[in-house]
Amino acid sequence: MQPPELLSTASPVFWYEMPELPEVETVANGVHDRVHGQTIERVWTSGKPQTFKSPEAEIAEALTGARIDRVRRVGKTIVVSLGGKRANSEFLVHLGMTGRLLVSAPAVEVPKHTHAILTLSGGNELRFVDARRFGRLSVRVSEEEAYGGPGIEPLTIGEEEFIALFRGRKTPIKAALLNQSLLHGVGNIYADESLFRAGIRPRKQAGRLTRKQLLKLREALKLVLAHAIELGGSSVSDYVDADGVRGFFQLEHRVYMRTGEPCLVCGSPIKKIVVGGRSTHYCAVCQN
Ligand SMILES: [Zn+2]
């Protein structure tokens with residue numbers, strides 16, 4: 001889905017974009033701080049089939065009476081490690097496009113499109129709200145190993161590992177960055193922003209990038225992701241942190257959604273093309 005045109009880039013808060021690594025990390029940390037150590041006393045689910053990747057009865061059975069030991073991010077998935085009677089199980093929350101996790105007092109009105117409510121021993125409720133229903137809830141048994149996701153974590157990937165990921169790949173580097181089985185958690189915003197900072201054209205074949213370019217890209221990617229996490233995730237339309245407060249649009253996007261505006265480095269207008277079905281923004285002078 002293409003975002004609607006914005007009135008101004010100063011207030012880009014109303015378009016649909018998937019939450020990316022920094023937003024998911026912010027939500028996971030926010031939820032962890034508010035709920036870890038608490039026991040899930042009751043579980044209510046909405047019965048909407050798309051939302052539940054595991055059968056609802058299985059989710060309710062796994063969660064009821066379990067203690068929340070830890071909430072963390074793996075790729076773009078929020079992983080809730082369960083303890084107590086359900087040690088070795090994990091509750092996985094994927095926010096999809098518009099999913100939100102809210103920690104609310106029971107007295108706070110339940111928002112429209114709420115699909116799960118976990119009543120916690122501390123007195124609050126953990127609610128999953130998702131208007132467009134691309135989000136997914138599931139449970140898994142983690143006896144063997146904790147959930148690791150399909151790809152590699154971009155914040156901690158080593159130089160050689162990063163270079164090896166793209167070797168021989170004929171796809172454009174932008175598409176390779178979005179491929180969740182390579183690196184997980186990178187989406188449209190941070191792919192465009194890191195390619196700009198690394199000076200690499202989005203359509204450039206991944207396998208043709210030099211070692212030097214790939215190292216620069218790795219650095220740029222880590223930098224933009226870490227910066228966005230520090231700022232609490234840059235804002236997307238339905239991204240709301242664990243308190244229900246909108247994330248702040250603080251990361252200064254240099255190319256993303258700045259089509260036609262002057263490049264902040266060289267002044268030439270930012271271009272928009274489509275790569276791998278996604279709108280892609282770049283500077284034709286600074287990136288080659
Ligand atoms: Zn430029």
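Below is a summary of the structure that appears in this document.

**Overview of the overall build of the protein chain**
Alright, step 1. Scanning the protein chain for helices and strands turns up six helices and 10 strands.
Alright, step 2. With 288 residues in all, the protein chain has 50% of them scored as buried.
Alright, step 3. Taking contacts inside the protein chain between residues at least 6 apart in sequence as the whole, the part at least 24 apart equals 65%.
Alright, step 4. For the protein chain, the computed accessible surface area is about 12,800 Å², with 51% contributed by carbon and sulfur atoms.

**Quick notes on the packing of helix H1 (residues 21–35) against helix H6 (residues 211–230)**
Alright, step 1. One can describe the packing of H1 onto H6 by two numbers: an axis separation of 8 Å at closest approach and a directional angle of 35°. You can see that H1 and H6 cross each other, and the crossing is right-handed. Judged by residue contacts, Leu21, Pro22, Glu25 and Thr26 of H1 engage Leu225, Ala228 and Ile229 from H6.
Alright, step 2. For the contact of H1 with H6, the class distribution of residues is five nonpolar, one polar and one charged.

**Here's the deal with the side chain of Ser194**
Alright, step 1. Inspection of the secondary structure assignment puts Ser194 in helix H5 (residues 188–198).
Alright, step 2. The contact partners of Ser194, leaving out residues within four places of it in the chain, are Leu177, Leu217, Ala220, Leu221 and Val224.

The rules behind these values
Residues numbered from 1 in each chain as written. Predicted model: local features only at pLDDT ≥ 70, side-chain atom pairs only at ≥ 80, totals over all residues. Heavy atoms only, no water. Helix = DSSP H or I, 4+ residues; strand = E, 2+ residues; numbered from the N terminus. Buried < 20%, exposed > 50% of the residue type's maximum accessible area, 1.4 Å probe, protein only. Contact = heavy atoms within 4.5 Å. Areas by Shrake-Rupley, 256 points an atom, 1.4 Å probe, with all protein chains shown as cover. Axes fitted to C-alpha atoms, helices over the stretch in contact; angles between N-to-C directions. Left-handed = near helix turned anticlockwise from the far one by under 90°. Nonpolar A, V, L, I, M, F, W, Y, C, P; charged D, E, K, R; others polar.

So far we have only geometry, and geometry alone does not tell us how the molecule works.
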